[in-house]
Amino acid sequence: MASDKSIDKPWAGRFTEATDTFVEAFTASVLFDKRLYRHDIAGSIAHARMLTRVGVLSAAECEAIVDGLQDILRDIERGDFTWSVALEDVHMNIEARLTERIGIAGKKLHTGRSRNDQVATDIRLYLRDEIDAIMAELTRLQTALLDVAEREADTIMPGFTHLQVAQPVTFGHHMMAWFEMFNRDRARMQDCRKRANIMPLGAAALAGTSYPIDRAYTAQLLGFDAPAENSLDAVSDRDFAIEFTAAAALIMTHLSRCSEELILWSSTQFDFVDLPDRFCTGSSIMPQKKNPDVPELVRGKVGRVNGNLIALLTLMKSQPLAYNKDNQEDKEPLFDTIDTVRGSLKVYADMISAVQIKRDNMAHAARSGFSTATDLADYLVRRGVAFRDAHEIVGKAVRRGIETGKDLAQMTLGELRQFSTAIEQDVFDVLTLEGSVASRNHLGGTAPDQVRAAVKRGRERLLRAAG
Ligand code: ARG
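Definitions and cut-offs
Residues numbered from 1 in each chain as written. Predicted model: local features only at pLDDT ≥ 70, side-chain atom pairs only at ≥ 80, totals over all residues. Heavy atoms only, no water. Core = buried A, V, L, I, M, F, W, Y, C linked by side-chain atoms within 4.5 Å. Buried < 20%, exposed > 50% of the residue type's maximum accessible area, 1.4 Å probe, protein only. Contact = heavy atoms within 4.5 Å. Salt bridge = Lys/Arg side-chain N within 4 Å of Asp/Glu carboxyl O. Helix = DSSP H or I, 4+ residues; strand = E, 2+ residues; numbered from the N terminus. Phe/Tyr/Trp six-rings, centres within 6.5 Å; stacked < 30°, edge-to-face > 60°. Lys NZ or Arg CZ within 6 Å of the ring centre and 35° of its normal. Axes fitted to C-alpha atoms, helices over the stretch in contact; angles between N-to-C directions. Parallel < 35°, antiparallel > 145°, perpendicular 65-115°, else oblique. Left-handed = near helix turned anticlockwise from the far one by under 90°. Nonpolar A, V, L, I, M, F, W, Y, C, P; charged D, E, K, R; others polar. Near = heavy atom within 4 Å. Polar contact = N/O pair within 3.5 Å; in protein donor to acceptor, adjacent residues only side chain to side chain. Patch = residues over 30% accessible without salt bridge, like charges linked within 9 Å, V, L, I, M, F, W, Y side chains within 5 Å. Areas by Shrake-Rupley, 256 points an atom, 1.4 Å probe, with all protein chains shown as cover. Arc of directions from axis to C-beta.

Asker: What should I look at first to understand the nonpolar core in this one?
Answerer: When a protein is soluble and globular, its nonpolar side chains tend to lie buried together. Ranked by internal contacts, the top residues of the largest apolar core, which has 91 residues, are Trp178, Met189 and Phe244. Dropping the residues within four chain positions of it, Trp178 is found in contact with Leu145, Cys258, Glu261, Leu262, Trp265 and Ile352. Grouped together as the second largest cluster of nonpolar side chains are 21 residues, Ile393, Val394, Phe419 and Ile423 included.

Asker: Just to check I follow, could you spell out the pattern of salt bridges for this structure?
Answerer: Pairs can form between side chains of opposite charge once their charged atoms are near each other. Tallying each qualifying case throughout the model produces 41 salt bridges. Two residues, Asp154 and Arg452, come together in a salt bridge whose shortest N-O distance is 2.9 Å. Taken together, the residues Asp154 in the loop between helix H7 (115-151) and strand S1 (156-161) and Arg452 in helix H20 (residues 448-466) connect sequence positions 298 residues apart. Arg452 gets classed as partly exposed once you look at its relative accessible area, which sits at 34%. The salt bridge involving Arg461 is made with Glu180; its shortest N-O contact spans 2.8 Å. Residue Arg461 is found in helix H20, and its partner Glu180 is found in helix H8 (residues 171-196); the two are separated by 281 residues along the sequence. Taking the relative accessible area as the measure of exposure, Arg461 reaches 27% and is therefore partly exposed. One salt-bridge network, held together by shared partners, links Asp75, Arg78, Asp80 and Arg101.

Asker: Please clarify how the packing of aromatic side chains should be interpreted in this entry.
Answerer: Centre-to-centre distance and the angle between the planes together describe a pair of aromatic rings. The full count for this structure, using the stated rule, is 8 aromatic pairs. Within the aromatic cluster, the residues linked to one another by ring pairs are Phe160, Phe270 and Phe272. A cation sits over an aromatic face here: Arg14 above Phe15, 5.9 Å from the ring centre. The ring of Phe81 is capped by Arg97, whose NZ or CZ atom sits 4.2 Å from the centre of that ring.

Asker: For this particular structure, what's the right way to read the packing of H8 against helix H11 (residues 239-265)?
Answerer: Relative orientation and spacing of two packed helices are given, respectively, by the angle between their axes and the distance between those axes. At a closest axis distance of 8 Å, the pairing of H8 and H11 adopts a crossing angle of 165°. Comparing the axis directions of H8 and H11 gives the class roughly antiparallel. Between H8 and H11 lies a crossing of left-handed hand. Partitioning the contact of H8 with H11 into residue classes produces 18 nonpolar, 2 polar and 6 charged.

Asker: Looking at this structure, I do not really get the site of the ligand. What am I missing?
Answerer: Every residue near the ligand is listed here: Ser29, Asp33, Asp89, His91, Arg115, Asn116, Val119, Tyr323, Gln328 and Lys331. Between the ligand and Tyr323, the relevant distance is 2.4 Å, taken from an oxygen atom to a side-chain nitrogen or oxygen of the residue. Broken down by element, the shell around the ligand gets its largest block of residues, 3 residues, from H7. Across the shell around the ligand, the residue classes tally to 2 nonpolar, 4 polar and 4 charged.

Asker: So what exactly am I meant to see when it comes to a nonpolar patch on the surface here?
Answerer: Together, Leu206, Leu232 and Leu321 give the surface a local cluster of nonpolar side chains, amounting to about 260 Å² of exposed area. Residue placement: Leu321 occurs in the loop between helix H12 (293-316) and helix H13 (331-352).

Asker: Got a minute to help me understand the environment of Phe387 in this structure?
Answerer: Relative to the helices and strands, Phe387 resides in helix H16 (residues 387-404). For Phe387, a relative accessible area of 37% translates into the label partly exposed. Here Phe387 is in contact with Ala377, Asp378 and Val381, once residues within four sequence places are set aside.

Asker: When you look at the side chain of Asp336 in this model, what are you seeing that I'm missing?
Answerer: In this fold, Asp336 is placed in helix H13. For Asp336, the side chain forms a polar contact with the side chain of Arg304, separated by 2.7 Å. For Asp336, the residues in contact, after removing those within four places along its chain, are Arg304 and Asn308.

Asker: When you look at helix H14 (residues 359-368) in this model, what are you seeing that I'm missing?
Answerer: Residues Met362, Ala363, Ala365 and Ala366 constitute the buried set of H14. Buried residues in H14, looked at end-on, bunch into an arc of 160°, giving them a common side. Looking at H14, the residues exposed on the side facing more than 90 degrees away from the buried face are Asp360 and His364. Backbone geometry just after H14 places Phe370 at a positive phi near 55°.

Next up, the structure:
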């Protein structure tokens, strides 16, 4: 029996038969949770130091453990570590190797600890680093948006509602709308990091431990804000992962909106922008094609992140306290979400400043859709016409424009006065695109000066967030 492989397992004391081979593979998580190795080792080193400080381990044992774990870390990073499915997960793989190397001291590392608080700690440490990386990518993307907005503060394009030409806006203003979305996304990440940064270690399996542990010390070593207040909650809830995935789903949703616009704008029909070739691919059959693959793929990837969010919510639903093996299923959706969001943000941050803006085409489109009709109505109101009457007057002028193929600014004063004698020569100031955007000159408005001011504030907001 002693030579049987399953009886070699660290928990095999009360078992009389080997794990079924399929069950062994079915229940193992090492193939995906091995990516937690760095955080698992950091957690173990802190735990060993704390045990030493409270007198549970000797200084020599601690030194052997810390050195051994650091050697293992180097081996893993060199690709010189064989992961074993029989050892189930990242935790037991590393612990078994440590014992193999340093003997009895390795077997003492798990004193006062369980894989339940260990894994909950690892995921939080790992997620904390990933959130930091995601926030850095968000900042990079936002900086690129600020640069484009500043450069294109005077560029005029049609603004849309219902995807119909509505009123002229500046392209810089449009970029700043994207900036705002990602600014909220970054704030959500930062907020969710606070709740993730609480330490489960010390909860042990579920009830705490009888050793005289110093949780505040371990938390301090690992950079956690505090130890978790309740052991049952600490080992069992994955709400921080759900919260993160929900925030990630919003990032992807925002990216999908940007993607949709870039895809439309780069079509022959709009022809507002040109995506750099290095972010596009061609067609194997149609020689003329240049496809906006990157925005399309990012738009498509929202599906998997939304799916991951539902997977995690469903995983947590109705789980009784405390730890259940169900929670092993938290990792793949979480990891996939992290990879997807990081990749999507990275490619966007790289791509945005390289998008070529076709200013003439945008201005032409803004001129052709009666986009200054509201400006004419507002002009009439300033001349004493009631807004509803002004609306009616301009509606009739637009109908004439459609019949004659002329935009409002292309009509003569005589033609315009047929609709209202309140119209004078100065009407042409408001019918131009430049006049229209410049008149929306208040905080949050589209006027070029407002865009420049918003960019300046945006840069300050990013600096404040970083500092
Ligand atoms: N691999 C497990 C997980 O990811 C680690 C915790 C296992 N705990 C246990 N009692 N089986 O959740």
